[in-house]
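An overview of the molecular structure
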Amino acid sequence: MSDTHDLTTGLIHHPYQPPATWDAVPPGVFKASTVIFPNAAALRSRVYTAKTGYTYGLRGTPTTYLLEERLATLEGGRFCILSPSGLAAIMNVNLALLGQGDELLLPNNVYFPSSDMAAAVLARWGISHQFYDPMDVADLAAKISDRTKLVWVEAPGSVTMEFPDLAGLVAAARARGVLVALDNTWGAGLAFRGFDQGADIVMHALTKYPSGGADVLMGSVVTRDEALHLRLLKVHGQLGLGVAANDAEFILRSLPTMALRYHAHDAAARALAEFLGRQPQVTQVLHPALPGSPGHAHWAATCTAAAGLFSVMLDAAFTPAQVDAFVDTLRLFKIGYSWGGPVSLVVPYDLGSMRADRTALPGHLVRFSIGLEAVADLQADLAQALLALG
Ligand SMILES: *Cc1c(COP(=O)(O)O)cnc(C)c1O
């Protein structure tokens, strides 16, 4: 075939190759569905799980492999798998490790969509689940049966922020040979190391601190054991859970500043939690780094930092309408889910509708995610909105 083509073809099959000597601070962003093999033999012999080459965009690109390596290092793990959201990463773990007749154990303060997945999806496929009290290691131990194949742990618990005896929970599961997956979104690999606590699997919603921009959804699953990694990776591939290079690029750009941001969120959140704790309308502050918060001693024994997230209980004497008015009166705090971005967020939670089997905390729970605004401005905003409570 001649190399002289119609212009239309020439624009697609152009012979020019830029010089290969490019080096710069940001890593390259490689995008593909199709990956080109040098010959048919390479196409036949390449195995995507080995990560020694590329097979198809969904199975990984230089950009996603690079992010995976950096995240594995952050956690002190060896292998990492990226999924299109934190919740998809949880699904990856559940569907890889559980089958018909198996049971899953979840803390009763687990990230709510995770328990919803168990109740609405896993249950239909013959996978049962039970909740354990994360503040009671003996309760977890008592609930483990021969059918238990996976225990999720989370520290602190979503929304109510109790910090458990992680190492104790992990040991109870390990004593029965049950795998433990840690949702380490809050710790972000910075407050404590999941593998130091004995977890087999460390999952993150990269959507939060690793992104830092409130602009990308992604999740990761890090492991140390190669056989376990391959079990997870095969199901990940079979489910089609790859991520786009442009999304991975956002996380790669944000990772270098994550520790600085995390500690800034931490310092501001502690200052504002202490401020709210001094207000007469607030009956309890739920922030694991503050004395008096459930599990504070476990936090102190486990962590060197905290995320910028906490909840408060407002006096039960207030009506739900007054609590909504407080939330609506905030100006800098925006009303919305998620956390880890530059903008402070607030969400009023109806605990009764979320936690069937836990003792309700008295009062109204409001959760704050502290962003990167000046602390004095955030404090003034809280003070003016507290007036709406009366
Ligand atoms: C946000 C979050 C998730 C899910 O992450 P998405 O990317 O929003 O799906 C899972 N666990 C915890 C603790 C979270 O905060």
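Residues numbered from 1 in each chain as written. Predicted model: local features only at pLDDT ≥ 70, side-chain atom pairs only at ≥ 80, totals over all residues. Heavy atoms only, no water.

**What to know about the site of the ligand**
The line we're drawing: It suffices for a single heavy atom of a residue to lie within 4 Å of a molecule or strand for the residue to be listed as near it. Side-chain atoms alone can form a polar contact between residues adjacent in sequence; in general such a contact is a pair of N or O atoms within 3.5 Å, and within protein one must be able to donate a hydrogen while the other accepts it. All accessibility values rest on the Shrake-Rupley procedure with a 1.4 Å probe; residue burial counts only the protein chains present in the view. A cavity here means a set of 1 Å grid points, computed over protein atoms only, where a 1.4 Å probe fits but cannot escape. A pocket is an open set with protein on both sides within 12 Å along at least 5 of 7 lines, and lining residues have an atom within 4 Å of a point. Should more than half of a molecule's atoms lie within 2 Å of a pocket's or cavity's grid points, that molecule is taken to sit in it. Counting from the N terminus, the helices are DSSP H or I runs at least four residues long and the strands are E runs at least two residues long. When residues are grouped by polarity, Ala, Val, Leu, Ile, Met, Phe, Trp, Tyr, Cys and Pro land in nonpolar, Asp, Glu, Lys and Arg in charged, and all others, Gly among them, in polar.
Residues in contact with the ligand amount to 13 residues; listed here are only the nearest, Gly86, Leu87, Asp183, Thr207 and Lys208. Taking Thr207, its side chain carries an N or O atom lying 2.6 Å from an oxygen atom of the ligand. Between the ligand and Lys208, the relevant distance is 2.5 Å, taken from an oxygen atom to a side-chain nitrogen or oxygen of the residue. Here the ligand, which alone exposes 380 Å², has 90% of that area covered by the protein. Because more than half of its atoms lie within 2 Å of the grid, the ligand is assigned to the largest pocket. Contributing elements (two or more residues each) for the shell around the ligand: α4 (86–97) and β6 (201–205). Looking at the shell around the ligand, its residues break down into 6 nonpolar, 4 polar and 3 charged.

**Details of unusual backbone geometry**
Among all residues except glycine, the phi angle is most often negative; among peptide bonds, the trans geometry is most common. To keep it simple, the criterion reads: Using a 1.4 Å probe on the protein chains alone, a residue whose accessible area is under 20% of its type maximum counts as buried, one over 50% counts as exposed, and one in between counts as partly exposed.
Across the junction of Ala155 and Pro156, the peptide omega takes the value -5°, indicating a cis bond. Secondary-structure assignment places Pro156 in the loop between β4 (148–154) and α7 (166–175). At Val159, a position not held by glycine, the phi torsion is positive, near 70°. Residue placement: Val159 occurs in the loop between β4 and α7. In this structure Val159 comes out as buried when scored by relative accessible area, which is 4%. You will see that Met161, though not glycine, has its phi angle at about 65°, which is positive. For Met161, the location among the structural elements is in the loop between β4 and α7. Assessed through its relative accessible area of 1%, Met161 is described here as buried.

**Some thoughts on the pattern of salt bridges**
For clarity, the threshold we go by: Take a side-chain nitrogen of Lys or Arg and a carboxyl oxygen of Asp or Glu: if they are within 4 Å of each other, that pair is a salt bridge.
Using the criterion set out here, one finds 7 salt bridges in the structure. Linking Asp102 and Lys149 is a salt bridge whose minimum nitrogen-to-oxygen distance equals 3.3 Å. Note that Asp102 is positioned in the loop between α4 and β2 (103–107) and Lys149 in strand β4, a separation of 47 residues in sequence. We classify Asp102 as buried; its relative accessible area is 13%. Taking relative accessible area as the criterion, Lys149 reaches 34% and is therefore assigned partly exposed. The shortest N-O distance in the salt bridge between Arg270 and Asp266 comes to 2.7 Å. With a gap of 4 residues between them, Arg270 and Asp266 both fall in helix α10 (residues 258–277), about one helical turn apart. By relative accessible area, which is 23% here, Arg270 ends up partly exposed. Assessed through its relative accessible area of 6%, Asp266 is described here as buried.

**Points about the layout of surface pockets**
Rule in force here: Grid points are joined across faces, edges and corners, and a volume is the space filled by probe spheres set on the points.
As a volume, the largest pocket reaches approximately 520 Å³. Around the largest pocket sit 29 residues that line it, and Tyr111, Ser158, Lys208, Trp339 and Arg367 are the ones nearest its centre. Elements with a minimum of two residues in the lining of the largest pocket: α4, α5 (112–120) and β6. Ranked by residues supplied to the lining of the largest pocket, first place goes to α4 with 3 residues. Its residues assigned to classes, the lining of the largest pocket shows 17 nonpolar, 7 polar and 5 charged.

**Comments concerning the side chain of Glu154**
Formally: Residues are treated as being in contact if the distance between any of their heavy atoms lies within 4.5 Å.
Mapping Glu154 onto the fold places it in strand β4. Owing to a relative accessible area of 8%, Glu154 belongs among the buried residues under this scheme. Here Tyr111 takes part through its backbone nitrogen, which lies 2.9 Å from a polar atom of the side chain of Glu154. Looking at Glu154, its side chain comes within polar contact range of the side chain of Ser158, at 2.8 Å. Apart from residues no more than four positions distant in its own chain, Glu154 is found in contact with Pro107, Asn109, Val110, Tyr111, Pro164, Leu182 and Asp183.

**What to know about the pairing of strand β1 (residues 79–83)**
How we decide: For two strands to count as paired, DSSP must find a minimum of two bridges between them.
Among the 5 residues in β1, 5 count as buried, and that is most of the element. Every second residue of β1 is oriented toward a common face, with Phe79, Ile81 and Ser83 on one face and Cys80 and Leu82 on the other, all of them buried. Here 5 bridges tie β1 to strand β7 (residues 219–223), and the two strands are oriented antiparallel to one another. Residue pairing for β7: Leu82 is matched across the bridge by Ser220.

**Topic: empty space enclosed by the protein**
In the structure shown here, the tally under the stated rule is 2 cavities of 30 Å³ or more. Of the volumes computed, that of the largest cavity is approximately 150 Å³. When contributions to the lining of the largest cavity are tallied by element, the ones reaching two or more residues are α3 (62–75), β1 and α8 (226–239). Examining the composition of the lining of the largest cavity, we find that 4 residues originate from one element, α8, more than from any other.

**What about the sheet that holds strand β12 (residues 364–369)?**
For the record, the criterion: What counts as an axis is a line fitted to C-alpha atoms, over the stretch in contact for a helix, and the angles between N-to-C directions run from 0 to 180 degrees.
Taken in spatial order, the 5 strands of this open sheet run β8-β9-β12-β11-β10, and their pairing is mixed. Strand pairing shows two members of the sheet lacking a second neighbour, β8 (282–286) and β10 (334–335), which therefore form its edges. In terms of strand pairing, strand β9 (residues 309–314) meets β12 through 6 bridges, oriented antiparallel. Each bridged residue has a counterpart across the sheet, and for Met313 the counterpart in β12 is Leu365. Each of β8, β9 and β12 touches α10; the most contacted strand, β9, lies at about 5° to it. Across the face of the sheet, helix α12 (residues 320–329) comes into contact with β9, β10, β11 (345–349) and β12 while running at roughly 15° to β12.

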